[in-house]
Amino acid sequence: MSDFEKELEAMVAETADEPEVALPSIEEQKAIVAEFKKLEAEGKLTPEVLEAHFGQFNKKNDKPIH
């Protein structure tokens, strides 16, 4: 087994006990994208803003997801 496969198995084992997070509806996704585009146009789309939104999907791990 390659190192890559071992890393993938370790990642799966780490997240096996975490509940799945439901994806937002298509309407909610469109609203999120519109907000990000607005912030980007204003020059306010920062890693911190992205972390505030996407961080909820990475609660267990302290590493940044971006």
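Enquirer: Where do I start with the packing of aromatic side chains in this structure?
Expert: The relation between two aromatic rings is expressed through the spacing of the ring centres and the mutual angle of the planes. This model, assessed by the stated rule, comprises 1 aromatic pair. Ring centres 5.9 Å apart and planes at 45° place the aromatic pair Phe36 and Phe54 in the tilted group. Taken together, the residues span a long stretch of sequence, with Phe36 in helix α2 (residues 26-41) and Phe54 in helix α3 (residues 47-54) at a distance of 18 residues.

Enquirer: Which parts of the structure should I look at to understand a nonpolar patch on the surface?
Expert: Taken together, Phe4, Leu8 and Met11 make up a surface patch of nonpolar side chains, about 330 Å² in accessible area. Within the secondary structure, Met11 is located in helix α1 (residues 3-15).

Enquirer: Is there a simple way to think about the pattern of salt bridges in this case?
Expert: Counting across every chain of the model gives 2 salt bridges. When the shortest N-O distance is used, the salt bridge between Lys38 and Glu35 registers 3.9 Å. One end of the pair is Lys38 and the other is Glu35, both in helix α2 and 3 residues apart, which spans about a single turn. Under the relative-accessibility criterion, Glu35 is labelled partly exposed at 37%.

Cut-offs and rules
- Residues numbered from 1 in each chain as written.
- Predicted model: local features only at pLDDT ≥ 70, side-chain atom pairs only at ≥ 80, totals over all residues.
- Heavy atoms only, no water.
- Phe/Tyr/Trp six-rings, centres within 6.5 Å; stacked < 30°, edge-to-face > 60°.
- Helix = DSSP H or I, 4+ residues; strand = E, 2+ residues; numbered from the N terminus.
- Patch = residues over 30% accessible without salt bridge, like charges linked within 9 Å, V, L, I, M, F, W, Y side chains within 5 Å.
- Areas by Shrake-Rupley, 256 points an atom, 1.4 Å probe, with all protein chains shown as cover.
- Salt bridge = Lys/Arg side-chain N within 4 Å of Asp/Glu carboxyl O.
- Buried < 20%, exposed > 50% of the residue type's maximum accessible area, 1.4 Å probe, protein only.

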